[in-house]
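Chain by chain, the residues run as shown.
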Amino acid sequence: MPGVHRGSQGHRPGPEPLTRRGCLLTYAMSDAEVIVIGGGIAGASAAWRLAPVARVVVLEREDRCGHHSTGRSAASFTENYGTSIIRRLAIGSRDFLTGPPEGFAEHPLLGPRGMITIAREDQADLIAFELDRARRFVPSVTEIPVDEAVTRVPVLRRDYVARAIIEPDSKDIDVNGLHEGFLRGVRRAGGRIVTGAEVLSIARHGADWEVETPMGRFRAPRLVNAAGAWGDVIARLAGVRPQGLMPMRRTAFNIACPQGMDCRTWPLLNDVGGEFYFKVTGGQIMVSPGDATPSSPMDAWPEEMDIAIGADRLERATTLQVRRVLKAWAGLRTFAPDGSPVVGEAPDAAGFFWLVGQGGYGIKTSPALSRIVAAQVLDRPFPGELAALGLSSGDFAPGRAARAANMPLEMT
Ligand SMILES: Cc1cc2nc3c(=O)[nH]c(=O)nc-3n(C[C@H](O)[C@H](O)[C@H](O)COP(=O)(O)OP(=O)(O)OC[C@H]3O[C@@H](n4cnc5c(N)ncnc54)[C@H](O)[C@@H]3O)c2cc1C
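Quick caveat, the model's predicted, so the values are computed rather than measured.

*Asks:* What should I look at first to understand the sheet that holds strand β7 (residues 76–77) in this one?
*Replies:* Within a sheet, neighbouring strands are paired by backbone hydrogen bonds and run either parallel or antiparallel to one another. Here we have three strands laid out as an open sheet, ordered β7-β12-β8, and antiparallel in their pairing. The open sheet terminates on both sides in strands that have one partner only, identified here as β7 and β8 (110–112). Pairing between β8 and strand β12 (residues 171–173): three bridges, direction antiparallel. When the bridges of β12 are listed, P112 appears paired with K171.

*Asks:* What is the right way to look at helix α8 (residues 366–377) in this model?
*Replies:* Residues lying three or four places apart along an α-helix face the same way, a consequence of the helix completing one turn every 3.6 residues. Given a rise of 1.5 Å per residue, twelve residues ought to cover 16 Å, and the 16 Å separating the end C-alpha atoms of α8 matches this to within 8%. Within α8, ten of the twelve residues are buried, which leaves the element mostly enclosed by the surrounding structure. Looking at the residues trailing α8, positive phi occurs at D379, about 60 degrees.

*Asks:* It is not clear to me how the site of the ligand should be interpreted in this structure. Could you clarify?
*Replies:* By nearness alone, 37 residues border the ligand, and E60, T70, V199, G359 and K364 come closest of all. K364 places a polar main-chain atom, nitrogen or oxygen, 2.8 Å from an oxygen atom of the ligand. Burial of the ligand by the surrounding chains reaches 97%, relative to a free accessible area of 1000 Å². Every element with two or more residues in the shell around the ligand is listed here: α1 (41–50) and β23 (327–335). Per-element tally for the shell around the ligand: the top contributor is β23, with three residues. Considered class by class, the residues forming the shell around the ligand number 16 nonpolar, 13 polar and eight charged. A domain-level breakdown of the shell around the ligand finds at least three residues from each of domain 1 (4–71 + 175–245 + 338–406) and domain 2 (115–168 + 246–333).

About the criteria used
Residues numbered from 1 in each chain as written. Predicted model: local features only at pLDDT ≥ 70, side-chain atom pairs only at ≥ 80, totals over all residues. Heavy atoms only, no water. Pairing = 2+ DSSP bridges. Helix = DSSP H or I, 4+ residues; strand = E, 2+ residues; numbered from the N terminus. Expected span 1.5 Å × (residues − 1). Buried < 20%, exposed > 50% of the residue type's maximum accessible area, 1.4 Å probe, protein only. Near = heavy atom within 4 Å. Polar contact = N/O pair within 3.5 Å; in protein donor to acceptor, adjacent residues only side chain to side chain. Areas by Shrake-Rupley, 256 points an atom, 1.4 Å probe, with all protein chains shown as cover. Nonpolar A, V, L, I, M, F, W, Y, C, P; charged D, E, K, R; others polar. Domains from an automatic or database assignment.

This is a description of form; function is not addressed.
Structure below.
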């Protein structure tokens, strides 16, 4: 059946078509123990954790997983970005990304990069604050002379930069390798990934959730909502109280590396005020204006104005010139009101588990967040290694978002 990928050790047949009514196919009910809605990095990683111990089905609306935010990221691993909860999650994910299980990926998931954060004179206080905050989590972050920053990224304008700090152990992530590793592992463990399966309705039948899609009906006592920007849409379908998720559009575009310069080894260059960043990827320079424009959940696209703002900021800070945009895209970074992910069972709906609000950090934190949600779904204790980093289930509790609506947002 198109769109249904069965695990090589699959233990259940996929849903069989029964009748054709109009253009709508009706399929027999398919039972599972856990339904995961969304095949991006969040859903794939959660399913990977669960599939070895439970019958899991992943329902993805698009014809391929990773079409939305997961396929549009900057592919950066840093422990020095986001709220303190995000930083702890990144630290708690590093070991997995550095040494994934045998057979998970064909190539290393992390590659060398480094990250330099720069400040203008008027941002000097901000970078002092950032350096202090960074060193609490990542002692290897240090201030470097501006001349060194310019040596490492020779296109920087010397008179633009007043101070610079470096996170030497920041990395590039092979997002495709990570995502595919999760999906492949789900199939190997007998889990199913059903694409073209937009969730249209969710109903409660006794202890089970029944989910209707164009690919059939699915039933399970536990449901993981990993629908990214659509997380609250899914909650409403299930009659569950939404979290107040805020999808924010972020734009990126690629330009050519300057002729005669080997830019492959440049670190990611980030402005401390979140005004822009750029990094070299696939032989081109990816630039983002660091925009965060509120959006409805949608297939996001780049606005000309955001590209122009990014180009202007880049040209002020560097000698790079944006003569031709080789490729441009936008994606949604979806935040809960307090800027930290929402992971755990809904207080108002038994068996409905949230895995949303990863903001601009969902790739690098997926190893840790998937462990947390899997522990919850399987009714196991909060993972000890993450507790040792100062995290607890309360940090992610779905009930907290409404309470925290007035907390400061740290979404840069
Ligand atoms: C420009 C940009 C740069 C970023 N850079 C980084 C970075 O450097 N490092 C980092 O860690 N993170 C980064 N992020 C953030 C990261 O990409 C996201 O946090 C992450 O991809 C979120 O994953 P997800 O699986 O929750 O969402 P998604 O990938 O959007 O997946 C959700 C899935 O749910 C599906 N879905 C929705 N509704 C339904 C339905 N009704 N039925 C079935 N399926 C449904 C969607 O089709 C989608 O595939 C960046 C994001 C952007 C936009």
